[in-house]
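Understanding the architecture of this molecule
These are the residues of each chain, in order.
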Amino acid sequence: MNTENLVWLRNDLRLFDNPAVFKASQSGPIKLVFIITIKQWKKHHVSDASIGLRLDIIKEIATKCGNLGIEFEVLECDWFEQIPELLLDFCLKNKIKQLWFNKETPIDENLRDEKVTDLLHQSNIKVNAEPYDLVVSQPVFNLSDAPFKVFTAYYNKWLNMLQNQHNEVLAEPQKQADQILNDLTLLEKQNFEYRKDL
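This text gives an overview of the structure that appears in the document. What you see is a predicted model; the values in this text were computed from it and never measured.

1. Side note on the packing of aromatic side chains
For the structure on display, the rule yields 6 aromatic pairs. With centroids separated by 6.2 Å and ring planes inclined at 75°, the aromatic side chains of Phe148 and Tyr154 adopt a geometry described as edge-to-face. Taking the relative accessible area as the measure of exposure, Phe148 reaches 24% and is therefore partly exposed. Here Tyr154 falls in the partly exposed class, since its relative accessible area comes to 32%. Ring plane angle 40° and centroid distance 6.1 Å describe the contact between Phe151 and Tyr154, whose orientation is recorded as tilted. With a gap of 3 residues between them, Phe151 and Tyr154 both fall in helix H6 (residues 151–164), about one helical turn apart. By relative accessible area, which is 58% here, Phe151 ends up exposed. Chaining the aromatic ring pairs together yields one cluster made of Phe148, Phe151, Tyr154, Tyr155 and Trp158. Lying over the aromatic face of Trp8, Arg10 brings its terminal NZ or CZ to 4.4 Å of the ring centre.

The rules behind each value
- Each residue is numbered by its place in its chain's sequence as written, counting from 1.
- Local features are withheld for residues below a pLDDT of 70 in this predicted model, meaning they are given only at 70 or higher, and side-chain atom pairs are given and counted only at 80 or more; totals for whole chains, interfaces and linings count all residues.
- Excluded from the side-chain calculations are hydrogens and water; all other atoms, namely the structure's heavy atoms, are used.
- In this scheme Phe, Tyr and Trp rings, the latter by its six-membered ring, pair at centre separations within 6.5 Å, and the angle between planes marks the pair as stacked below 30 degrees, edge-to-face above 60, and tilted otherwise.
- Only protein chains enter the calculation, and the probe is 1.4 Å; a residue is then buried if its accessible area is under 20% of its type maximum, exposed if over 50%, and partly exposed in between.
- Only runs of H or I of at least four residues qualify as helices and only runs of E of at least two qualify as strands under DSSP, and these elements are numbered from the N terminus.
- In this scheme, Lys NZ or Arg CZ marks a charge over a ring once it lies within 6 Å of the ring centre and within 35 degrees of the ring normal.

The following block contains the structure:
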């Protein structure tokens, strides 16, 4: 099967109600990728318990994807700055034409995503960054497109935006092929037991 749509999972670790997964699957067969960046996570003070939980969730998602006939790849590098080249290489080898992901709010993550987008665009790979998955996923500004100075005015505008936005629960991807066994070797070699920290 020719899979041209790649979904890059980062912190939004779910198949159900995931905008990037849903929209990519509407464009055709999908493949998912997750990138382990232990040194970067440690620099951001992510605990062993959090890393262990994240990796266990990824194992579950990879298994579920396998049951749906969806390929799930796990890549590894040390730092966010290595991700653009890693993703480009992966996309070129796999003949990916579109990358999908959900935007994230932290600064380093935004910089990483800008670099990924710029590099992939240079190779004619379309990047689809879905809006932040927040209750109201767009900035709340006053009529002058500036931040509010009074909370009540901000809250009223936010509430109005919430009531007028279209919210729907997005389905998880459908089965796209016979069951496959996704390679979890990179996940299995990690040694972060989150249950020991509880």
